[in-house]
Amino acid sequence: MTEKKLDEGIKTCQKSIAFIHNQKIYINQFIEKQIQQLIQLLQDKQINLQSQLDKYLKKKLEYYTEMEKFLLTMKKNCDFKPYQQPEVYEDDKIMDFSNLKIINEEIQKFGRRITGKKSHIDIPRVRQIKENIMNEQPEPNYDFITPNDAQLFYKLGQKFVFPKHRRIFAQIRANDFRFGFYYDCDLQQGYNNADCYIYTLLNFQNTLPMKIFPIQAQRKYAIYLQGNRLGFGKDGKDLLIDFDNLSKSSSELGQSYAVVSEIDPQILAGKKTNWTFQELNLFYL
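Definitions and cut-offs
Residues numbered from 1 in each chain as written. Predicted model: local features only at pLDDT ≥ 70, side-chain atom pairs only at ≥ 80, totals over all residues. Heavy atoms only, no water. Pairing = 2+ DSSP bridges. Helix = DSSP H or I, 4+ residues; strand = E, 2+ residues; numbered from the N terminus. Axes fitted to C-alpha atoms, helices over the stretch in contact; angles between N-to-C directions. Salt bridge = Lys/Arg side-chain N within 4 Å of Asp/Glu carboxyl O. Buried < 20%, exposed > 50% of the residue type's maximum accessible area, 1.4 Å probe, protein only. Disulfide = S-S within 2.5 Å. Patch = residues over 30% accessible without salt bridge, like charges linked within 9 Å, V, L, I, M, F, W, Y side chains within 5 Å. Areas by Shrake-Rupley, 256 points an atom, 1.4 Å probe, with all protein chains shown as cover. Phe/Tyr/Trp six-rings, centres within 6.5 Å; stacked < 30°, edge-to-face > 60°.

(A) Structural view of the sheet that holds strand E7 (residues 223–226). Ordered in space as E4-E7-E8-E9, the four strands form an open sheet in which the pairing is antiparallel. Each end of this open sheet is capped by a strand with a single partner; those strands are strand E4 (190–192) and strand E9 (239–242). Across the sheet, the mean angle from the axis of one strand to that of its neighbour is 20 degrees, orientation sign disregarded.

Below is the structure:
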C-alpha cells in the first residue's frame, strides 16, 4: 500500500461523503414535493365532492322548503285535496338517496386508490430527481433562511464591525440571486473549524433551497477570517465576503464545500466575482 493509494482512498471517501450529504437533501426535497402534490390532490378531491354534495342537498332543501310553503297554504285555506306525502329526510335514510350513494362510492374508490398497494410513489434514481429539480421554477422558501430567534444587527450600507456573538446568520441578495451562510464558533483571525454551512435559496439553476457543508477532511478550513474579509473554505475560495470592499467578494464552490457535479460552482451569485449587492443582512442568534 503506497501513500498515493491511501490518498486516492481518502479522496474517494470524501467525495462519497459529500455526495451522501447532497443525496439526502435532494431525496428529502423530492419526498416533500410528492407529499405536497398528494395533499393538493386530496384537497382538490375534497372540494369536488363537497361541491357535488352541496348541489344535491341544495335541491333537497329547496324541495322541502317549497313543500312546506305549499302545505301551509293548503292548511290556511282549508284545502284538503289529496297530495303526495313527502318522504321523511332523516339521518338513517340519508344513504337511500341515489345521488349520495354515488358520492359515497366515489369517496370509497378514491380512498382505495390512494391507500391501495398499487398506489405508491416510486422514488427514481437520484440523477432523475436532480434533473426534475433543475427543470422546475421553485418559489423562494423564506422559512428556510430565517431562524425564529434571529436578531438583525447589520444591513448593507452600514459601517461594519465584526460581532462578538458566536452564532451568525447571513442573508445575501446579489445579482438578483439569494444565498448566505451560517456559522457557530468564536471567530478568530485565520482558519476556524466551525459548525457552519453555505446555502443557496434562489439561483440561476432553479434548484430548491440547499445547504452546502464543508467536506469532513476540509473542516479545518471551514471559515477563514482576515481583517474584515470573511471566507469559507481554503483561502476563502468557496465563498468570500469582503466587508471593506464588497466588489472583491467571490464564490466558486467545490474547493472545501461539497457540491455534486451537476451544481455549477458559481451557483450562488451566477458568476465568480464582480457582484451587484442588493441586500446583505447579518443576524445573531
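Text resumes after the structure shown.
(B) Main features of the pattern of salt bridges. Enumeration over the complete set of coordinates arrives at seven salt bridges. Salt-bridge contacts for Asp242 lead to Arg229; the nearest nitrogen and oxygen are separated by 3.6 Å. Of this pair, Asp242 sits in strand E9 while Arg229 is found in strand E8 (residues 229–232), placing the two residues 13 residues apart along the sequence. According to the relative accessible area criterion, Asp242 is buried, its value standing at 6%. Measuring nitrogen to oxygen at the nearest pair gives 3.5 Å for the salt bridge that ties Glu252 to Lys272.

(C) Inspection of the sheet that holds strand E2 (residues 167–174) at higher detail. Read across the sheet, six strands follow the order E1-E10-E2-E3-E5-E6 without closing on themselves; strand pairing throughout is antiparallel. Every interior strand has two partners, whereas the edge strands, strand E1 (151–154) and strand E6 (210–212), have only one. Here the average twist between neighbouring strands, direction ignored, is 25 degrees. Pairing analysis gives eight bridges linking E2 to strand E3 (residues 177–184), with the strands arranged antiparallel. Across the sheet, the residue bridging to Ile168 is Tyr183, located in E3.

(D) Summary view of the state of the cysteines. Tallied over the full model, the rule gives zero disulfides. Looking at the unpaired Cys185, the closest cysteine sulfur is the one in Cys196, lying at 7.4 Å. Note on Cys196: relative accessible area 1%, which makes it buried.

(E) Just a nonpolar patch on the surface, in detail. On the surface, Ile31, Ile35 and Ile39 cluster together into a nonpolar patch covering about 240 Å² of accessible area. Tracing the backbone through its elements, the reader meets Ile39 in helix H1 (residues 3–76).

(F) Up close: the packing of aromatic side chains. A full pass over the atoms with the stated rule returns 17 aromatic pairs. With 4.8 Å between their ring centres and 45 degrees between their planes, Phe181 and Phe232 make a pair best called tilted. One end of the pair, Phe181, is in strand E3; the other, Phe232, is in strand E8, with 51 residues separating them in the sequence. Using a relative accessible area of 0% as the deciding quantity, one classes Phe232 as buried. Relative to Phe277, the ring of Trp275 has its centre 5.8 Å away and its plane inclined at 50 degrees; by these criteria the two rings are tilted. Across this residue pair, the class does not change: Trp275 and Phe277 are buried. Taken together, the ring pairs in this structure connect Phe169, Tyr182, Tyr197, Tyr199 and Phe213 into an aromatic cluster.

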